[in-house]
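Architecture at a glance
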Amino acid sequence: MKTQVVGGSSAVHEAASLLQKGEVVALPTETVYGLAAKALDPAACAKIFEAKERPLSDPLIIHIPDIDWLDRLAKSSTLAKRLAQTFWPGPLTVVVERKDCVPDLVTAGQETVAIRMSAHPLFAKVLNTLGEPVAAPSANRFGRISPTTAHHVLEELGGRIPLILDGGPCAHGIESTIVLVVDDKLQILRPGPVTKEHLSGFAEILECESDILSPGRLKSHYAPQTPLEVHPSSTLKSWPRSHRKTGLLSWQHPLPGFQAVEILTASGNAAEAASRLYGAMRALDAAGMDLIVAEEPPDSGLGAAISDRLRKAAAR
Ligand code: TXA
Ligand code: MG
C-alpha cells in the first residue's frame, strides 16, 4: 500500500472520508500522532491493531468530537465531567466505566473505557467532519517510540496505512496524562502534560499499586533500538571513557566524553524538553551508538512524565 502524506486543512475531508469508509488514518494531536479508526466499528479498529502489530490485550483511547459524547460512551461520573470541563480539549485521558455501545475490541474486554478530546485543530476538524468518535493509539509500531512528526509516522507505518495528515510537530511531544476515575478519587495511570500538581486540586490522588490496570504501563515501552540507561547528572559528569560508543541525552547542558549529544532544553524549560524528547531519542537511535545514557530529569511537574518515559525506554 502506498502511504500518502498530506498537509493542511485541504486534506481534512480526505481523512474523514477514509475514516468513514472504515480505513485507518494517522492524525496529528497536541501530544503525539495517533492512528485513528472509527471507534464504534470493530472491523475498522481491528486495522489499527494490525498496522501497529499491537496485542489485542492493549485497549485503545477513544477521542471524541465534543464533550457530550462522554455521556454516550461512559456511565455518568461527576468527577470525570468536572475534569472534562476543565481540561478538554487537551492532553488528559479519563478512564471511566463504559456503556455497552463501546466495542470489546476497543476496551480489550475491560469494563472501563479511556476517553479524551484532542485540542489539535486538524484533529478536531476531522472529527467534526466525521461526526463520530475515533479510537487512536499513538501511531508507532507496538513497543516503539511515539511519533511527534508526520515523518516519524512514515518511518513507523509507511506502506501499512493509506494516509498521514501532516500537522507539523506536536506541541507537547509526550502522550496524554491518563487518570482512572474511582468514585471521587483519581489514580494517575500514566503521567503526562496535565501534572499531578494540576490534578490534586480536583480530587484525592490515590497511589497506584497495580500495573495490571493499564497495559500502557508495561515497564518496557517507548523503546529505542539502542540500549538506554538513565543516570543522575553527577554520574554523567565523570562518565567513564570506554570503547563503547555512547550517546548522551542531556537535560540541559552538554558534557564531554560522548560521541553524540542531544540537549532537551538549553533554557531548562520542561515543556520544551517534553516536546523534543522522542525526536532526540530517535536521533540518538539513528546515530549508531552502542549505548544511550539519559540524564535524569527533575522529578516534579512535567519532569515526572519525562522520567516515566525514560524509565520505560530503559526497561527492556
Ligand atoms: O496522547 C495520547 O494519549 C495519544 C494520542 C494519539 O491521543 N494516544 C496514546 O495512545 O498514547 P496509546 O494507545 O499509545 O496509549 C494509551 C494507553 C494504552 O497503552 C492503554 O494501555 C491505556 O492507554 N488504556 C486504554 N484504555 C484503557 C483502559 N480502559 N484502562 C486502562 N488503561 C487503558
Ligand atoms: Mg503508544
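Residues numbered from 1 in each chain as written. Chains lettered and ligands numbered in written order. Predicted model: local features only at pLDDT ≥ 70, side-chain atom pairs only at ≥ 80, totals over all residues. Heavy atoms only, no water.

**Brief notes about the sheet that holds strand β7 (residues 134-135)**
Paired through backbone hydrogen bonds, the strands of a sheet run either parallel or antiparallel to each other. Here eleven strands make up an open sheet; going across it, the order is β1-β8-β2-β3-β7-β4-β6-β5-β9-β10-β11 and the pairing mixed. Only two strands of the sheet have a single neighbouring strand rather than two, namely β1 (4-7) and β11 (204-206). Two elements, strand β9 (residues 177-182) and strand β10 (residues 185-190), share five bridges in a ladder whose sense is antiparallel. Bridging from a neighbouring strand, V179 pairs with I188 of β10. Across the sheet, helix α1 (residues 12-20) is in contact with β1, β2 (25-27), β3 (34-38), β7 and β8 (163-166); its angle to β2 comes to roughly 135°. Where helix α2 (residues 42-52) meets the sheet, its contacts fall on β3 and β7, and the angle it forms with β3 comes to roughly 155°. (Pairing = 2+ DSSP bridges. Helix = DSSP H or I, 4+ residues; strand = E, 2+ residues; numbered from the N terminus. Contact = heavy atoms within 4.5 Å. Axes fitted to C-alpha atoms, helices over the stretch in contact; angles between N-to-C directions.)

**Regarding the packing of α1 against helix α6 (residues 121-130)**
Direction vectors running N to C along α1 and α6 enclose 50°, while the axes themselves pass 9 Å from each other. Judged by the inter-axis angle, α1 sits oblique to α6. Seen from above, α1 lies across α6 with right-handed handedness. Contacts between α1 and α6 pair V12, H13, A15, A16, L19 and Q20 from the former with L122, K125, V126, T129 and L130 from the latter. A class-by-class count of the residues in the contact of α1 with α6 yields seven nonpolar, three polar and one charged. (Parallel < 35°, antiparallel > 145°, perpendicular 65-115°, else oblique. Left-handed = near helix turned anticlockwise from the far one by under 90°. Nonpolar A, V, L, I, M, F, W, Y, C, P; charged D, E, K, R; others polar.)

**Topic: the environment of D104**
Tracing the backbone shows D104 in helix α5 (residues 104-107). Put simply, D104 and L40 are 64 residues apart on the chain and 9.9 Å apart in space, counted from C-alpha to C-alpha. Engagement of the side chain of D104 in a polar contact is seen with the side chain of R98, the distance being 2.6 Å. (Polar contact = N/O pair within 3.5 Å; in protein donor to acceptor, adjacent residues only side chain to side chain.)

**Quick look at the state of the cysteines**
Applying the stated criterion across every chain, the model contains zero disulfides. C101 supplies the cysteine sulfur nearest to C45, a cysteine that is in no disulfide, at a spacing of 12 Å. (Disulfide = S-S within 2.5 Å.)

**Some remarks on the domain arrangement of the protein chain**
Domain assignment breaks the protein chain into domain 1 (4-206) and domain 2 (228-314). One C-alpha centre belongs to domain 1, the other to domain 2; they are set 28 Å apart. Contact residues are listed per partner, giving 21 residues for domain 1 and 15 residues for domain 2. Regarding the contact of domain 1 and domain 2, the summed buried area is about 1,300 Å², with carbon and sulfur atoms giving 59% of it. (Domains from an automatic or database assignment. Buried area = accessible area lost by both parts, 1.4 Å probe.)

**Here we look at the pairing of strand β5 (residues 92-97)**
Among the six residues of β5, five are classified as buried, and the element is accordingly described as predominantly covered. Examined bridge by bridge, β5 and strand β6 (residues 112-116) share four bridges and lie antiparallel to one another. The residue bridging V96 from the neighbouring strand is V113, located in β6. (Buried < 20%, exposed > 50% of the residue type's maximum accessible area, 1.4 Å probe, protein only.)

**Looking at empty space enclosed by the protein**
Counted by the stated rule, this structure contains one cavity of 30 Å³ or more. Taken together, L70, D71, A74, K75, S76, S77, A80, K81 and V96 make up the lining of the largest cavity. Counting only elements with at least two residues in the lining of the largest cavity, the list comes to α3 (69-73) and α4 (78-87). In the lining of the largest cavity, the residues fall into four nonpolar, two polar and three charged. (1 Å grid on protein atoms, 1.4 Å probe; cavity = no way out; pocket = protein on both sides within 12 Å on 5 of 7 lines; lining within 4 Å. Points joined across faces, edges and corners; volume = space filled by probe spheres on them.)

**Here's the deal with the sheet that holds strand β12 (residues 228-231)**
Read across the open sheet, the four strands follow the order β12-β15-β13-β14; overall the sheet is parallel. If you trace the sheet from one side to the other, it starts and ends with β12 and β14 (260-263), each paired once. Each neighbouring strand pair of the sheet contributes to a mean axis angle of 20°, computed without reference to strand direction. Contacts from helix α10 (residues 270-286) reach β13 (246-250), β14 and β15 (291-295), with the element oriented near 175° to β14. Helix α11 (residues 302-314) rests against β12, β13 and β15 of the sheet, and its axis sits at about 135° to β12.

**Some points on the pattern of salt bridges**
Side chains that carry opposite charge are capable of pairing whenever their charged atoms lie near each other. Per the stated rule, a full pass over the model turns up 18 salt bridges. Put simply, R141 and E156 hold a salt bridge, and the shortest N to O gap is 3.9 Å. Pair noted here: R141 is in the loop between β7 and α7 (150-157) and E156 is in helix α7, with a separation of 15 residues, a long-range link. According to the relative accessible area criterion, R141 is partly exposed, its value standing at 23%. We note a salt bridge from D308 to K312, for which the minimum N-O separation is 3.1 Å. (Salt bridge = Lys/Arg side-chain N within 4 Å of Asp/Glu carboxyl O.)

**A word on the packing of α10 against α11**
Two elements in contact, α10 and α11, have axes whose closest approach is 9 Å; the angle formed by their N-to-C orientations is 15°. Relative to α11, the element α10 lies roughly parallel. Viewed along their axes, α10 and α11 form a crossing whose handedness is left-handed. Residue-level contacts link A270, A271, A273, A274, L277, Y278 and M281 of α10 to L302, G303, I306, R309, L310 and A313 of α11. Broken down by class, the residue content of the contact of α10 with α11 amounts to eleven nonpolar, one polar and one charged.

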